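# Chain and residue survey
The residues making up each chain are set out below.
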Amino acid sequence: MDWLEEVQTAFADKEYMQRSMLFFEREGILEGGNKEQWEKFFKKVQLWGKTYLERKDAFKLYGVNGWFLNLTFWVMHYPKDSPQEIEDYFYRIKAVYLFYPKENEFEDFYEIFDFVKDIQNFWSWQDEENMEIFLDTEWREKIERLFQQSWERFQDCEEDKDFIEGIKPQYAKFQRYFLDFKKEVKDCDMVCVNITDDYAFWYFVKSAERFYLIRVTETI
């Protein structure tokens, strides 16, 4: 199974619910789990975050269609293990995305967590019908187009001075970051994008040693 098939299995397979349940069982969550089991799992997530997450970078630009264009990059170490461990890796980084770093928030998490409902809502990132494959240049060009559209709209922004001064430095910051990021992933494998709607989508990018989650959303 190549990495793209692994992503589709872990993030968009039609049997994601059953696979998620089996993952939780392997991690000690039995029949929905009790508070003690979930607290142990929560602590594991903090360890996974420290193990896998190399860095997280976030940018807030002026929206193309709404208030803000948000771009967040999670840079993860990618394991070279058995197929089962690879599949578990994808579930673990989903947990890292949701619950790390939040060491002091377990009580709040447990208070509002509905196992059946939230497993369905949180752990499914749409289905494989919404997943597309891009060559390594295409996804970067799409992000650059969004950046340019945002910048052009920002030039006509009529918001107050504090708003404009708060957003403007983000453009130069993102340009520098994305220039370096493109060099970092220039030899990456093909990219899988998960489209949830017109204003939110994911990119999954893999290089030889890293796995990248890129989240693009608009605040409407």
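Refer to the structure printed above.
In short, a report on the structure. (Residues numbered from 1 in each chain as written. Predicted model: local features only at pLDDT ≥ 70, side-chain atom pairs only at ≥ 80, totals over all residues. Heavy atoms only, no water.)

Here we come to the overall build of the protein chain. Within the protein chain one finds eight helices and six strands. If you list the helices and strands of the protein chain from N to C, you get α-α-α-β-β-α-α-α-β-α-α-β-β-β. Here the protein chain holds 220 residues, and the buried ones make up 49% of them. Restricting the contact set of the protein chain to residue pairs at least 6 apart, pairs at least 24 apart contribute 70%. (Helix = DSSP H or I, 4+ residues; strand = E, 2+ residues; numbered from the N terminus. Buried < 20%, exposed > 50% of the residue type's maximum accessible area, 1.4 Å probe, protein only. Contact = heavy atoms within 4.5 Å.)

Relative to the helices and strands, Asp88 resides in helix H4 (residues 83-99). Contacts of Asp88, omitting those with residues within four sequence positions, involve Phe23 and Arg26.

This paragraph deals with the environment of Thr219. With respect to the helices, strands and loops of the structure, Thr219 is situated in strand E6 (residues 210-219). In contact with Thr219, not counting residues within four places along its chain, are Gly66, Trp67, Phe68 and Asn70. Among the polar contacts made by the side chain of Thr219, one reaches the side chain of Asn70 at a distance of 3.1 Å. (Polar contact = N/O pair within 3.5 Å; in protein donor to acceptor, adjacent residues only side chain to side chain.)

Core analysis: the largest hydrophobic core is formed by 33 residues, its most contacted members being Phe73, Trp139, Phe181, Tyr203, Val205 and Ile214. Listing elements by their share of this core, those giving two or more residues are strand E1 (53-62), strand E2 (68-77), helix H7 (136-155), helix H8 (161-184), strand E4 (191-197), strand E5 (200-206) and E6. It is H8 that contributes the most residues to this core, seven residues altogether. Discounting chain neighbours no more than four positions away, the residues touching Val205 are Trp3, Trp139, Val185, Cys188, Val191, Arg210, Phe211, Tyr212 and Ile214. Judged by nonpolar contacts, the second largest core, of 32 residues, contains Tyr52, Met76, Tyr89 and Val96. (Core = buried A, V, L, I, M, F, W, Y, C linked by side-chain atoms within 4.5 Å.)

Turning next to the pairing of E2. Walk down a regular strand and you will see the side chains alternate between the two sheet faces. The buried fraction of E2 amounts to nine of the 10 residues, a majority that puts the element mostly inside the structure. Relative to E2, E1 runs antiparallel, the two being bridged by nine bridges. The residue bridging Asp57 from the neighbouring strand is Phe73, located in E2. Here E1 hands over to E2 after five residues, the two strands then running antiparallel side by side. Here E2 pairs with E6 via 10 bridges, running antiparallel. Among the inter-strand pairings, Leu69 is bridged to a residue of E6, identified as Glu218. (Pairing = 2+ DSSP bridges.)

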